[in-house]
Structures are given as structure tokens and as C-alpha cells.
Amino acid sequence: RVRIFITSRPETAIRRGFDQISKNAINAYQDFALGDIDQVVNKQDIYEFLLQKLREIGEDRKLQEAWPCDEDVRRLTDRASGLFIYAATVCRFIREEKYWHPQKSLALLLKGPTTFSPEGRLYEMYTQVLKHSIFGNADSEKRERLSAKFREVVGPLVILSDTLPFASYSKLIDPEGTKFVRDVLGDLHSVLDISDDPNHHIQLLHPSFRDFLLDANQHSSSFQIDEWNTHKDVA
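Structural notes, computed from the coordinates. (Residues numbered from 1 in each chain as written. Predicted model: local features only at pLDDT ≥ 70, side-chain atom pairs only at ≥ 80, totals over all residues. Heavy atoms only, no water.)

With that settled, consider the overall build of the protein chain. If you tally the helices and strands in the protein chain, you get 11 helices and 3 strands. Tracing the protein chain from N to C terminus, the helices and strands come up as α-α-α-α-α-α-α-β-α-α-β-β-α-α. Projected onto the principal axes, the alpha-carbon positions of the protein chain cover approximately 60 × 50 × 35 Å. The buried share of the protein chain, reckoned over its 235 residues, is 36%. Of the accessible surface of the protein chain, which amounts to about 14800 Å², a share of 50% is contributed by carbon and sulfur atoms. Of the side-chain charges in the protein chain, 31 are positive and 36 negative, and the distance between the mean point of each set is 1 Å. (Helix = DSSP H or I, 4+ residues; strand = E, 2+ residues; numbered from the N terminus. Buried < 20%, exposed > 50% of the residue type's maximum accessible area, 1.4 Å probe, protein only. Areas by Shrake-Rupley, 256 points an atom, 1.4 Å probe, with all protein chains shown as cover. Lys, Arg positive; Asp, Glu negative; His and termini not counted. Charge placed at Lys NZ, Arg CZ, Asp CG, Glu CD.)

Okay, the packing of aromatic side chains next. As enumerated under the stated definition, the model contains 7 aromatic pairs in all. A ring pair is formed by Phe49 and Phe84, whose centres lie 6.2 Å apart and whose planes are at 75°; its orientation type is edge-to-face. On the criterion of sequence distance, the pair formed by Phe49 in helix α2 (residues 39–60) and Phe84 in helix α4 (residues 84–96) is long-range, its members being 35 residues apart. Between Phe150 and Phe223 the ring centres are 5.4 Å apart and the planes differ by 80°, which places this aromatic pair in the edge-to-face class. In this pair, Phe150 sits in helix α7 (residues 140–159) while Phe223 sits in the loop between α10 (207–214) and α11 (227–234), placing the two residues 73 residues apart along the sequence. There is no split in this pair, since Phe150 and Phe223 are both buried. (Phe/Tyr/Trp six-rings, centres within 6.5 Å; stacked < 30°, edge-to-face > 60°.)

With that out of the way, let us pick up the pattern of salt bridges. Opposite charge on two side chains permits them to pair, given that their charged atoms come into close proximity. As enumerated under the stated definition, the model contains 10 salt bridges in all. Note that Lys43 is salt-bridged to Asp78, the shortest N-O span being 2.8 Å. One end of the pair, Lys43, is in helix α2; the other, Asp78, is in helix α3 (residues 70–80), and 35 residues separate them in sequence. Looking at Lys43, the relative accessible area reads 44%, which means it is partly exposed. We note a salt bridge from Arg74 to Asp70, for which the minimum N-O separation is 2.9 Å. (Salt bridge = Lys/Arg side-chain N within 4 Å of Asp/Glu carboxyl O.)

Bear in mind that shape data such as this cannot, by itself, settle questions of function.
Here it is as C-alpha cells:
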């Protein structure tokens with residue numbers, strides 16, 4: 001017997017589609033919400049995931065000291081609040097940051113106050129990643145210019161209904177060339193699926209990043225995407 005395993009957020013169209021299946025066949029499908037998993041099991045899974053990935057980073061970077069510290073892994077696990085995308089983005093960020101020591105990148109993500117909702121902690125982490133990747137040590141005046149560049153390049157990516165190859169997307173943003181677009185996107189490997197292949201389709205690694213950028217109430221306005229104005233600019 002053939003069985004198909006599908007994962008998705010519970011979007012309305014998807015739920016309606018499966019509702020139709022259930023009306024036409026008995027036991028045609030079973031659904032299971034990840035939120036129903038015991039939180040103790042979920043937390044332990046995230047802890048093991050973080051521990052393994054951070055150890056791999058330590059091996060790749062040939063770190064001599066004990067890495068990772070168990071206390072740091074447990075703090076990250078607590079901050080993840082059951083969200084695997086939090087853990088995965090943290091590990092990608094630490095791995096992709098070639099000019100910082102992994103411990104310094106980890107400390108950046110662990111510092112400061114935290115909110116208590118899972119969504120709040122995820123958005124907090126996205127803000128930290130973008131501030132570091134886009135702003136670096138830039139002064140306030142330069143940050144405004146970098147914010148404008150970020151919105152110009154990433155905005156259309158967030159609102160497009162389909163993905164585009166890098167070459168086509170670059171022409172959409174800047175008909176004169178691709179360097180400007182590549183310079184901005186090159187620092188965002190921890191949140192975007194990007195490749196040096198011009199035919200590779202650029203896309204968000206997780207829908208929560210789109211939610212974050214479009215939500216004006218949850219983070220710094222430096223990275224907020226105005227969906228209405230972006231639609232007009234693309235059109």
C-alpha cells in the first residue's frame with residue numbers, strides 16, 4: 001500500500017481540501033498537529049538538534065576549547081520555545097558568519113531581554129540576525145541607507161506569489177546589473193535560500209520570516225516591508 005506524508009501549516013485551502021477527502025473516503029487520511037507533541041519530548045529533540053549542529057560547527061571551525069557549552073545549548077533550547085525554525089536559523093547564522101568566532105555569534109543571540117511568546121522570541125532572533133548581517137557596525141546615518149537597500153531588494157521577494165531565478169529577480173530589482181542585489185542578499189544565507197547559480201530560485205527558508213517582515217508591531221521598523229507600497233513598486 002502506498003502512503004504519502006505531507007507537512008504544512010494549516011492553511012485554509014489545505015484544510016478544506018483534506019476535509020473533502022474525508023467526506024469521500026473512510027480513513028483516507030490522518031492528521032497530526034505538531035503542537036500536540038509532548039513539550040518535554042519536543043524540547044529534548046531541539047536540545048539534541050542544537051547540540052549536534054553546534055558540535056559540527058566546532059569541528060568545521062577546528063575549535064580547540066569545549067564547544068558548545070551545555071549551559072548555552074540549554075539556554076538556546078529554552079529560547080526556541082518549541083520552534084525548530086528558531087533552532088535551525090540560529091545554527092545557520094552561526095555557521096554562515098565567517099568573520100566572527102562562533103562563541104561571539106552565539107553570545108549575540110543570547111544577550112538582551114527576551115519575550116515569553118514563541119513568536120516573540122522568533123522575531124527577536126530574526127531582528128538580531130538582520131541587525132548584525134545588514135548593519136554590522138554602521139552608524140545611524142548609514143543604517144538608514146542600508147535599511148532602504150534591504151527593503152528595496154527583499155521587499156519584492158516577500159510579496160511575490162512565485163519564486164524567480166536570481167538572474168531574473170536581479171533584473172526586476174536593478175535592470176543595470178546584479179552586483180547591487182547580490183551584495184544585499186549575500187549576507188542573508190541564514191534566512192534565504194540563495195546560490196551562486198544564476199538559475200537558482202531565491203526563496204525564503206521559512207514562511208515565518210515573511211510574517212516577521214510584514215508585521216509592523218513585532219520588531220524594529222528598520223526591516224519592516226510595506227506590502228502595499230512594494231506591490232506598487234513591483235507593478
